[in-house]
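# Topology and contacts: notes
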Amino acid sequence: MRTGPLGREIAIALGFKLLALIVLYIAFFGPAHRIKVTPAQMAEALSASAPR
Amino acid sequence: MFEFDVVTLSRLQFALTAMYHFLFVPLTLGLALLLAIMESVYVMTGRTVWREATQFWGTLFGINFAMGVATGVTMEFQFGTNWAYYSHYVGDIFGAPLAIEGLMAFFLEATFVGLFFFGWKRLSKVQHLVVTWLVALGANFSALWILVANAWMQNPVGAAFNPQTMRMELTSFSEVLFNPVAQSKFVHTVSAGYVTGAMFVMSIAAYFILNRRHVDIARRSLTVAASFGLASALSVVVLGDESGYTAGENQKMKIAAIEAMWETEPPPASFTLFGIPDLKSETTKYEIKIPWVLGLIATRSLDKPVEGVKALVERSEERIRNGMAGYQWLAKEGGRPNAAVPPELDASMRDVGHSLLVKRIRPDIENATDAQIHEAALSTIPDVPVLFWSFRIMVALGFYFIALFAAAFYLSSRRRCGKRWFLRMTMYSLPLPWVAAELGWIVAEYGRQPWIIDGTMPTFLGVSNIPASNVAASLAAFVLFYSALAIIDVALIVKYVRIGPREEADPQASGAPVFPAPAPAQNQ
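Moving on: the overall build of chain B. Scanning chain B from N- to C-terminus turns up 18 helices and 6 strands. The C-alpha radius of gyration of chain B comes to 25 Å, within 12% of the 24 Å expected for a compact globule of 524 residues. Along the first, second and third principal axes, the C-alpha set of chain B runs to 85 × 50 × 40 Å. Within chain B, residue pairs in contact and separated by at least 24 positions form 79% of the contacts whose partners lie at least 6 positions apart. The centroid of the 40 positive side-chain charges in chain B is displaced by 13 Å from the centroid of its 41 negative side-chain charges.

Attention now moves to the overall build of chain A. If you tally the helices and strands in chain A, you get 2 helices and 0 strands. Across the 52 residues in chain A, those meeting the buried criterion constitute 31%. Total accessible area on chain A stands at roughly 3100 Å², and carbon and sulfur atoms take up 70% of it.

Our next topic: a nonpolar patch on the surface. Residue and element names in this part refer to chain B. A contiguous nonpolar surface patch, about 740 Å² in accessible area, is contributed by Leu 273, Phe 274, Ile 276, Tyr 286, Ile 288, Ile 290, Trp 389 and Ile 393. At the level of secondary structure, the elements contributing two or more residues to the nonpolar patch comprise strand 3 (271-278), strand 4 (283-290) and helix 15 (384-413). Of note, Trp 389 is situated in helix 15. According to the relative accessible area criterion, Trp 389 is partly exposed, its value standing at 32%.

Let us now look at the layout of surface pockets. Residue and element names in this part refer to chain B. Its volume calculated, the second largest pocket comes out at about 1100 Å³. Together, 43 residues line the second largest pocket, and His 188, Gly 240, Phe 391, Met 394 and Val 395 are the ones closest to its centre. Taken together, the elements giving at least two residues each to the lining of the second largest pocket come down to helix 7 (180-210), helix 8 (215-250), helix 9 (252-258), strand 3, helix 10 (293-299), helix 15 and helix 17 (432-446). When residues of the lining of the second largest pocket are assigned to their parent elements, the largest contribution, 9 residues, is made by helix 8. Per-class residue counts for the lining of the second largest pocket are 27 nonpolar, 11 polar and 5 charged.

Every α-helix winds through 3.6 residues per turn, so residues three or four apart in the chain are directed the same way. Here helix 17 of chain B contains 15 residues, and its C-alpha end-to-end distance of 20 Å stays within 8% of the 21 Å for a straight helix at 1.5 Å per residue. Among all positions in helix 17 of chain B, only B:Pro433, B:Trp434, B:Ala436, B:Ala437, B:Glu438, B:Leu439, B:Trp441, B:Val443, B:Ala444 and B:Glu445 are buried.

Turning our attention to the nonpolar core. Residue and element names in this part refer to chain B. Counting residues in each nonpolar core, the largest one holds 176 residues, and the members touching the most others are Trp 57, Leu 60, Phe 61, Ile 63, Tyr 86, Phe 200 and Phe 405. Among the elements that make up this core, the one with the highest residue count is helix 7 (17 residues). Sequence-distant contacts of Phe 200, that is, excluding residues within four places in its chain, are made with Leu 27, Leu 31, Trp 57, Leu 60, Leu 430, Trp 434 and Ile 493.

All names here are of chain B. Per the domain assignment, the segments making up chain B are domain 1 (24-161 + 179-253 + 384-461), domain 2 (265-299) and domain 3 (309-336 + 343-378). Each of domain 1 and domain 2 was reduced to a C-alpha centroid, and the two centroids are 30 Å apart. In this assembly, 10 residues from domain 1 lie in contact with 11 residues from domain 2. Taken together, both faces of the contact between domain 1 and domain 2 bury some 840 Å²; the carbon and sulfur share is 71%.

Right, let's talk about the packing of helix 1 (residues 4-29) of chain A against helix 3 (residues 73-81) of chain B for a bit. Between helix 1 of chain A and helix 3 of chain B, whose axes approach to 11 Å, the crossing angle comes to 10°. Between helix 1 of chain A and helix 3 of chain B, the angle falls in the class roughly parallel. Only B:Thr74, B:Phe77, B:Gln78 and B:Thr81 of helix 3 of chain B make contact with helix 1 of chain A, whose side of the interface consists of A:Leu21, A:Tyr25, A:Phe28 and A:Phe29. For the contact of helix 1 of chain A with helix 3 of chain B, the per-class residue count stands at 5 nonpolar, 3 polar and no charged.

Residue and element names in this part refer to chain B. Of note, Glu 282 is situated in the loop between strand 3 and strand 4. Each C-alpha atom of the pair Glu 282 and Met 261 lies 8.8 Å from the other, and the pair is 21 residues apart in sequence. Setting aside chain neighbours within four positions, we find Glu 282 in contact with Trp 262 and Lys 310.

Bringing the environment of B:Ile393 into the picture now. Note on placement: B:Ile393 falls in helix 15. Distance from B:Ile393 to B:Gly500, taken between C-alpha atoms, is 33 Å for residues 107 residues apart in sequence.

Right, let's get into the pattern of salt bridges. All names here are of chain B. As enumerated under the stated definition, the model contains 20 salt bridges over all chains in all. Arg 319 serves as the salt-bridge partner of Asp 351, at 2.6 Å between the closest nitrogen and oxygen. Placement of the pair is Asp 351 in the loop between helix 12 (346-349) and helix 13 (352-356) and Arg 319 in helix 11 (residues 309-333), with a sequence separation of 32 residues. You can call Asp 351 buried: its relative accessible area is 8%. By relative accessible area, which is 32% here, Arg 319 ends up partly exposed.

Relative to strand 4 of chain B, strand 3 of chain B runs antiparallel, the two being bridged by 6 bridges. Each residue of the ladder has a partner; that of B:Phe271, found in strand 4 of chain B, is B:Ile290.

Of all residues in chain B, 95% have pLDDT values of 70 or greater, and the mean over the chain is 90. Across residues 506-517 of chain B, where pLDDT falls below 50, the model places 25 contacts with residues more than four positions away in sequence or in other chains.

Quick look at the interface of chain B and chain A now. On the side of chain A, 34 residues touch chain B, which itself brings 59 residues to the contact. Regarding the contact of chain B and chain A, the summed buried area is about 3800 Å², with carbon and sulfur atoms giving 73% of it. Joining chain B to chain A, the criterion identifies 1 salt bridge. Note that B:Lys495 is salt-bridged to A:Glu9, the shortest N-O span being 2.3 Å. Inspection of the chain B/chain A interface yields 10 residue pairs in polar contact (both at pLDDT 80 or more). Tallying contributions element by element places helix 18 (residues 468-499) of chain B first for the side of chain B that touches chain A, with 13 residues. Per-class residue counts for the side of chain B that touches chain A are 33 nonpolar, 22 polar and 4 charged.

Before going further, it helps to spend a moment on unusual backbone geometry. Residues and elements named next belong to chain B. In this chain, Pro 267 is followed by Pro 268 through a cis amide linkage whose omega measures -10°. The topology assignment puts Pro 268 in the loop between helix 9 and strand 3. A cis geometry characterises the amide bond from Gln 449 onward to Pro 450, with omega recorded as 15°. Tracing the sequence through the fold places Pro 450 in the loop between helix 17 and strand 5 (451-453).

A word on the side chain of B:Ser270. Residue and element names in this part refer to chain B. Counting through the fold element by element, Ser 270 comes out in the loop between helix 9 and strand 3. Exposure remark for Ser 270: the relative accessible area of 12% places this residue in the buried category. One polar contact links Ser 270 to Glu 265, side chain to side chain, over a distance of 2.7 Å. With sequence-adjacent residues up to four places away left out, Ser 270 is seen in contact with Glu 259, Glu 265, Lys 289, Ile 290, Pro 291, Trp 292, Val 293 and Leu 294.

Cut-offs and rules
Residues numbered from 1 in each chain as written. Chains lettered and ligands numbered in written order. Predicted model: local features only at pLDDT ≥ 70, side-chain atom pairs only at ≥ 80, totals over all residues. Heavy atoms only, no water. Helix = DSSP H or I, 4+ residues; strand = E, 2+ residues; numbered from the N terminus. Rg over C-alpha atoms; globule rule 2.2 N^0.38 Å. Contact = heavy atoms within 4.5 Å. Lys, Arg positive; Asp, Glu negative; His and termini not counted. Charge placed at Lys NZ, Arg CZ, Asp CG, Glu CD. Buried < 20%, exposed > 50% of the residue type's maximum accessible area, 1.4 Å probe, protein only. Areas by Shrake-Rupley, 256 points an atom, 1.4 Å probe, with all protein chains shown as cover. Patch = residues over 30% accessible without salt bridge, like charges linked within 9 Å, V, L, I, M, F, W, Y side chains within 5 Å. Salt bridge = Lys/Arg side-chain N within 4 Å of Asp/Glu carboxyl O. 1 Å grid on protein atoms, 1.4 Å probe; cavity = no way out; pocket = protein on both sides within 12 Å on 5 of 7 lines; lining within 4 Å. Points joined across faces, edges and corners; volume = space filled by probe spheres on them. Nonpolar A, V, L, I, M, F, W, Y, C, P; charged D, E, K, R; others polar. Expected span 1.5 Å × (residues − 1). Core = buried A, V, L, I, M, F, W, Y, C linked by side-chain atoms within 4.5 Å. Domains from an automatic or database assignment. Buried area = accessible area lost by both parts, 1.4 Å probe. Axes fitted to C-alpha atoms, helices over the stretch in contact; angles between N-to-C directions. Parallel < 35°, antiparallel > 145°, perpendicular 65-115°, else oblique. Pairing = 2+ DSSP bridges. pLDDT = per-residue confidence, 0-100. Polar contact = N/O pair within 3.5 Å; in protein donor to acceptor, adjacent residues only side chain to side chain.

Here it is, written out as structure tokens:
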């Protein structure tokens, strides 16, 4: 099967994608950006008298 | 109009990533099975033309798989940041099928995709065929678990609310797995994927035949895709009807909105083939109705009414009022280590989700006026025109696919597939299965609004306390990322379609064409 140029092109595209996903994760979704919700916060969110 | 708050932006971001991801999924589902069928013919007949066909479509499958893989991961990123309250509330249930999908199906699929590409010279014919079938099986398993998770949002079964942890917890995994919505959704969605795969193969085969290139492989591929596509297109419609029935049982408002049916339809309920929904007058103008059909789809009967939007809003009002007592108890006791719902509040607790709809209008919902409760009940109506038209275009496309595949099947069985009008029509039909699939998801997900979990949790309560600017920034980054990927994907597929399959002389080929290639066009 044709693995030469196609394999190279797919590898480059996958590399680009992996890099982009890592950058996106670090910039917007990493542990620093993650919100931890506790049962108390959930109860507060449902019963809070001010809109969230 | 849209208000670009954190709720709208989070929804927009999730919708964008889901719809983009679903550009790849149906083609993977359909092509994987077509590869398995073509390779089975190769193993059974020993004809190299079938191996070449499998390898060529396998190359395009590989590009689509490589570009599509992990595009869905970004949705899972969003659960922890944009949808933290949702994740806390239902993570126990929703996370399980997603984890199973990642561990079992995805690894099965990804491992065997590697063997498919690199195993042609290392495995025996039969071993490679087994690998190809396992790729197809893995792809379908992936879809199953994702759809089990999604179906739970449409029909939350097998779970109970725990007031101590303030979350829904799993009570029966088998109920979640055998959720009727999941079953009907799975078969409908994978069939739509098979239609996409068949149309992809048929369109590119038509392109080759029109250009008198690789005609031997193209005509065989077209014949396989025509019969596979016809069976799949018929299945999509029949199984879509089952999805309609489950929605008629569990999501009556969605059905009413799809039908733009303001008043309850007396039995035998008729189906609106065409009309123009008018939100102001709450009527549908210029209606063309087909008697009995809606009754059969939504209730499987001719003697049951199908409730309209107005009746369902009244029902929502009742449920909002009924849930108030449960809400007040939850506001006081929820989250405490020893909290236990008093038995007399069981019925009210089932409607707390509806009471929470009032929170969008006023925070102290126990003091809501009748007008505010009515306003909250009105918010249970999804966007009627969007659902009405999305559904009708999707269904019309479904019937078009049946007609096109039936014509292809008839013509190829008579060895007359070389007709230019047919080949052109087939080639230009290439994007239509994607249009139908995306519209299907719009009907399913936009039609679930205002709920993130139907009847249990309103969407606006699922989002995190984060600034809208954060979501806007990541949304912009996603648009850039996905646009770049889309360009690379299309460019690679077009490039390798142009290169075409690598053909060797087939010593066993009869040499007689299955059907003649068209004569060259005069004006090209």
